[in-house]
Amino acid sequence: FFGQLSGNSITSYYLPVMVETAGIDDSSTQLKLNGIYPVLCWLGAIFGARMTDRIGRRPLLIWSILFSSVCFAIITATTKIAVDKENKMASNVAITFVYLFGIVFSFGWTPLQSMYIAETLPTETRAKGTAVGNLGSSIASTIIQYSSGPAFKEISYYFYLVFVVWDLVEALVIYLYFVETKDRTLEELDEVFSDPHPVKKSLQKRSVHTVANTMGVSVTTSADV
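Throughout what follows, the structure given in this document is the object of discussion. (Residues numbered from 1 in each chain as written. Predicted model: local features only at pLDDT ≥ 70, side-chain atom pairs only at ≥ 80, totals over all residues. Heavy atoms only, no water.)

1. Some words on the overall build of the chain
- Broken down by element type, the chain carries 12 helices and 0 strands.
- The order of α-helices and β-strands along the chain, N terminus first, is α-α-α-α-α-α-α-α-α-α-α-α.
- Across the 225 residues that make up the chain, the buried fraction comes to 39%.
- Once local pairs closer than 6 in sequence are excluded, the contacts in the chain between residues at least 24 apart make up 71%.
- Only carbon and sulfur atoms are counted for the fraction: they give 64% of the accessible area of the chain, which is about 12500 Å².
- When the 17 basic and 19 acidic side-chain charges of the chain are each reduced to a single mean position, those positions are 4 Å apart. (Helix = DSSP H or I, 4+ residues; strand = E, 2+ residues; numbered from the N terminus. Buried < 20%, exposed > 50% of the residue type's maximum accessible area, 1.4 Å probe, protein only. Contact = heavy atoms within 4.5 Å. Areas by Shrake-Rupley, 256 points an atom, 1.4 Å probe, with all protein chains shown as cover. Lys, Arg positive; Asp, Glu negative; His and termini not counted. Charge placed at Lys NZ, Arg CZ, Asp CG, Glu CD.)

2. Overview of the pattern of salt bridges
- As enumerated under the stated definition, the model contains 4 salt bridges in all.
- Measuring nitrogen to oxygen at the nearest pair gives 2.9 Å for the salt bridge that ties arginine 57 to aspartate 53.
- By relative accessible area, aspartate 53 is classed as partly exposed at 48%.
- We note a salt bridge from aspartate 183 to lysine 182, for which the minimum N-O separation is 2.9 Å.
- The class for lysine 182 is partly exposed, based on a relative accessible area of 22%. (Salt bridge = Lys/Arg side-chain N within 4 Å of Asp/Glu carboxyl O.)

3. Let's talk about the nonpolar core
- Grouped together as the largest cluster of nonpolar side chains are 40 residues, with contacts concentrated most on Ile10, Phe72 and Tyr160.
- Contributing elements (two or more residues each) for this core: α1 (2-5), α3 (15-21), α4 (27-55), α5 (57-85), α6 (88-108), α8 (123-155) and α9 (160-177).
- Beyond its immediate stretch of four places on either side in the chain, tyrosine 160 contacts Ile10, Met18, Thr21, Phe72, Ile75, Thr76, Thr79 and Phe152. (Core = buried A, V, L, I, M, F, W, Y, C linked by side-chain atoms within 4.5 Å.)

4. Brief notes about α6
- If you check α6, its first and last C-alpha atoms are 31 Å apart, about what 21 residues at 1.5 Å a residue would give, namely 30 Å.
- Of all the positions in α6, only Ala90, Ser91, Ala94, Ile95, Val98, Tyr99, Phe101, Gly102, Phe105, Ser106, Phe107 and Gly108 are classed as buried.
- Packing partners of the buried residues in α6 comprise α1, α2 (8-13), α3, α4, α5 and α7 (112-119). (Expected span 1.5 Å × (residues − 1).)

5. A word on the environment of asparagine 92
- With respect to the helices, strands and loops of the structure, asparagine 92 is situated in helix α6.
- Once the C-alpha coordinates of asparagine 92 and glutamate 20 are considered, the two residues, 72 residues apart in sequence, prove to be 12 Å apart.

Have a look at this one:
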């Protein structure tokens, strides 16, 4: 649900409307901007996929969604200036941050939307969990696609404020409840989820016992003697 309700759906399906709302009504310019956007997002997703094992899942999700909230705040303000004062510079800034949002969101979220679901589930429930995740994504996508048109018509650029607030809510939920799965095997994640405080446990360094349990061997340390 988060992956579809963070604002990426409106930048994907309603980019021409966003561009027009920002004061750019030339059809040729709109077409060029609409053609370039998915290419930049694709490049961001490719690079993000390469960085997931270096940066970690939680930092990518949290910081990219916080940046997304900031982007929509700036897009709202600059679009208002562009419309109210017919300011060309503000219009260009608004479009720039639409592009920055797309790149950063693709960097942090596109590689992880399916991967994170699979990583947090054991083998016996992974297929079912992924199916439920895809269903949730489709439901959220349908809701945002059919509601965005009327929202733009009724409140114009103030619609962006919804994503400013909602993305902050997502960041808080992720910070409180999403475990870090980087560099952990299924056995280690089972240990994480069995802990009373899974998030805190997932952020701890892997212990000797954890690695030994994964390998199916017993180990005795000085603390056990």
